[in-house]
Amino acid sequence: QVQLVESGGGLVQPGGSLRLTCAASGSIFTIGTMGWYRQAPGKQRELVGTATSGGIITYTESVKGRFTISRDNSKNTVYLQMNSPKPEDTAVYYCNADVQKSRAALSFLYWGQGTQVTVSS
């Protein structure tokens, strides 16, 4: 079994900073792309950004210059550093990971349970 656990969510003031962590554990041979998504109340889940195992990072336009994604392959962990968050960044943040459980296995997309981020003064 594979588990993804997000942590670090909470209440942050506009202009502050917050770092989310997503750690994958379990039967993992290798992980491809890891991603961060978010879902605000009444809205569809949207992509925040992704990080490949080779270090290629992409961001959705609305967070460019404010959020930074990084990854530690040795720890099967991806981070989301949120700087200068805005009230519109309030959402449940989810991570996912494309996990291959053995050399011969196909990869499968796993999701974490989500962590709430509230940006408010």
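Residues numbered from 1 in each chain as written. Predicted model: local features only at pLDDT ≥ 70, side-chain atom pairs only at ≥ 80, totals over all residues. Heavy atoms only, no water.

Draft legend 1. Up close: the side chain of N96. Here N96 is to be found in strand β9 (residues 91-100). We classify N96 as buried; its relative accessible area is 5%. Excluding residues that lie within four positions of it along the chain, N96 makes contacts with L4, T33, M34, G35, Y37, L109, Y110 and W111. (Helix = DSSP H or I, 4+ residues; strand = E, 2+ residues; numbered from the N terminus. Buried < 20%, exposed > 50% of the residue type's maximum accessible area, 1.4 Å probe, protein only. Contact = heavy atoms within 4.5 Å.)

Draft legend 2. Summary view of the state of the cysteines. Applying the stated criterion to the full structure yields one disulfide. Paired by a disulfide, C22 and C95 hold their sulfur atoms 1.9 Å apart. Here C22 and C95 share a disulfide; its torsion about the S-S bond, 60°, makes the bridge right-handed. Placement of the pair is C22 in strand β3 (residues 17-26) and C95 in strand β9, with a sequence separation of 73 residues. Per residue, the accessibility class of C22 equals that of C95, and both read buried. (Disulfide = S-S within 2.5 Å.)

Draft legend 3. Molecular detail of the pattern of salt bridges. All told, the structure shown has four salt bridges when counted by the stated rule. The partner of R38 in a salt bridge is D89, with the nearest N and O atoms 2.9 Å apart. Taken as a pair, R38 in strand β4 (residues 30-39) and D89 in the loop between β8 (77-83) and β9 lie far apart in primary sequence, 51 residues in all. D89 matches R38 in its accessibility class, with the two residues each being buried. (Salt bridge = Lys/Arg side-chain N within 4 Å of Asp/Glu carboxyl O.)

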